[in-house]
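Descriptive analysis of the structure
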Amino acid sequence: MESDMSRLEVTETFHGVIFPGYLHNQESLQHAVTFSFQDTDILIVSYPKSGTTWMQQMVTLISNRGDPHVSQTVPNWARTPWLEHHYSADLLQTLIGPRIITTHLFHHMLGHALQGSKTKVIYVSRNPKDTVVSFYHFHKLANFLPDGGSFEEFLNQFLEGTVHFGSWFDHFKGWTSQLGAMTNLLHVTYEEMSKDLHGAIKKVSSFLQCPLVEEEVNSCVRHCNFSSMKENNMINYTLIPHEIMDHSKGFFMRRGEVGDWRNMFTEEMNQQFDKVLQEKLKGCSIAFVWEVEEEEIDEHH
Ligand code: A3P
């Protein structure tokens, strides 16, 4: 990643959403929304802290039939670059297909560029309560994001959709509303990866038309579980200088758990969150898909 420290405090507003200027500029965002996708491209889409890095690792491993070499020698931002980051334009031209591309952009920004292409799109979502907790902790570590303030303040901004990268609700609604319309769109949740990593790998590999034999699936599982990813420098962001990500303030691979929100939310926060969730997801094509895990957690209590 190119280092321009002067942009750590800069924000770029694009289609009403704020993006960190350290990683984005108007030109790179414009480049992303007018990008020429190839039919062989694989696009990983997510709201930040939903399991993006996990899916980058999974797709890399699947594409290499479980062989971990690439995932242990090439940083994730070089092998599965973010479409909208300023350093990606040249990189994307040199990647030999099938390219694996990542994006945090909204459907309303990318829909046009994707229209008519056979690009395989994988949308990763996570319980927004766990997402906001993970995002809050990430703000402490990432110097290209502002100080998150107190958790209560951050939660309010998240619910209002005024945080960097925009509204989680609009992001989720926008992409999942395409589930019927786009035949080449797969929705995978963080919770299903957590509950059944083996099953999730098989689901993704079959969507990518890259069926794997059992031994290959097992190798993917070994190299994309939390502990092996936490130790892998190509994916745990420890290669990034501490002026940009300060690892004395926390780890990128933090806890990797389902239901961690319970450690941060008060009952009042939970009620407020549920209220907003209900209002904002009204008319959404899919219901609260993470419910299953929640019930299971309850059963353990
Ligand atoms: P936590 O902060 O809750 O630990 P993203 O890649 O979208 O930024 O998401 C980061 C979140 O995914 C972090 O969540 C991180 O720990 C978690 N994560 C990454 N790889 C994981 C894995 N193999 N298993 C479980 N969680 C993982």
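Everything that follows concerns the structure shown earlier in this document.
**Some thoughts on the sheet that holds strand β6 (residues 185-189)**
Here four strands make up an open sheet; going across it, the order is β4-β3-β5-β6 and the pairing parallel. Of all strands in the sheet, those with a lone pairing partner are β4 (100-103) and β6, marking the two edges. Going across the sheet, the axis of each strand differs from the next one's by a mean of 20°, ignoring polarity. Relative to β6, strand β5 (residues 120-125) runs parallel, the two being bridged by five bridges. Considered in β6, the bridge of V124 is made with V188. Packing of helix α9 (residues 168-176) onto the sheet brings it into contact with β3 (42-46), β5 and β6, and relative to β5 it is tilted by some 145°. Contacting β5 and β6, helix α11 (residues 197-207) runs over the sheet at an angle of about 170° to β6.

**Things to note about the site of the ligand**
Around the ligand, the structure places 18 residues, and the nearest of them are T52, T53, S134, Y190 and R255. Between an oxygen atom of the ligand and a main-chain N or O atom of R255, the distance comes to 2.7 Å. A distance of 2.7 Å separates an oxygen atom of the ligand from a polar backbone atom of G256. Calculation on the ligand without its partners gives an accessible area of 570 Å², and the protein chains cover 97% of this total. Broken down by secondary-structure element, the contributors of at least two residues to the shell around the ligand are α2 (52-63) and α13 (226-231). With three residues, the single largest contributor to the shell around the ligand is α2. Across the shell around the ligand, the residue classes tally to seven nonpolar, seven polar and four charged.

**With respect to the packing of aromatic side chains**
By the definition in use, this model includes 24 aromatic pairs. Measuring from centroid to centroid gives 5.3 Å for W168 and F169, while their planes differ by 90°, and the two rings are edge-to-face. Judged on exposure class, the residue W168 and its partner F169 are both buried. Taking NZ or CZ as reference, R126 lies 3.8 Å from the ring centre of Y190, over its face. Its end group placed over the ring of W261, K129 keeps NZ or CZ at 4.5 Å from the ring centre.

**Details of the packing of α11 against helix α12 (residues 214-223)**
Helix packing geometry: the angle between the two helix axes and the distance between the axes. Where α11 contacts α12, the two axes come as close as 9 Å, and the packing angle between them is 115°. Of the two possible hands of crossing, α11 and α12 adopt the one that is right-handed. Residues L197, H198, I201 and K202 of α11 form the contact with α12, whose participating residues are E214, V217, N218, C220 and V221. Each residue belonging to the contact of α11 with α12 can be placed in one class, and the counts come to five nonpolar, two polar and two charged.

**Observations concerning the pattern of salt bridges**
Under the definition given, this model contains ten salt bridges. Where R99 meets D41, a salt bridge forms, and the shortest distance between an N and an O atom there is 2.8 Å. Of this pair, R99 sits in the loop between α5 (88-94) and β4 while D41 is found in the loop between α1 (26-33) and β3, placing the two residues 58 residues apart along the sequence. Here the two residues R99 and D41 agree in accessibility, since each one is buried. A salt bridge links E216 to R65; its shortest N-O distance comes to 3.2 Å. Of this pair, E216 sits in helix α12 while R65 sits in the loop between α2 and α3 (69-73), placing them 151 residues apart in sequence. By relative accessible area, which is 39% here, R65 ends up partly exposed. The structure contains a network of salt bridges with shared partners spanning R254, R255, E257 and D260.

What counts, and where the lines are drawn
- Residues numbered from 1 in each chain as written.
- Predicted model: local features only at pLDDT ≥ 70, side-chain atom pairs only at ≥ 80, totals over all residues.
- Heavy atoms only, no water.
- Pairing = 2+ DSSP bridges.
- Helix = DSSP H or I, 4+ residues; strand = E, 2+ residues; numbered from the N terminus.
- Axes fitted to C-alpha atoms, helices over the stretch in contact; angles between N-to-C directions.
- Contact = heavy atoms within 4.5 Å.
- Near = heavy atom within 4 Å.
- Polar contact = N/O pair within 3.5 Å; in protein donor to acceptor, adjacent residues only side chain to side chain.
- Areas by Shrake-Rupley, 256 points an atom, 1.4 Å probe, with all protein chains shown as cover.
- Nonpolar A, V, L, I, M, F, W, Y, C, P; charged D, E, K, R; others polar.
- Phe/Tyr/Trp six-rings, centres within 6.5 Å; stacked < 30°, edge-to-face > 60°.
- Buried < 20%, exposed > 50% of the residue type's maximum accessible area, 1.4 Å probe, protein only.
- Lys NZ or Arg CZ within 6 Å of the ring centre and 35° of its normal.
- Left-handed = near helix turned anticlockwise from the far one by under 90°.
- Salt bridge = Lys/Arg side-chain N within 4 Å of Asp/Glu carboxyl O.

Shape is all these values report; function is a separate question.
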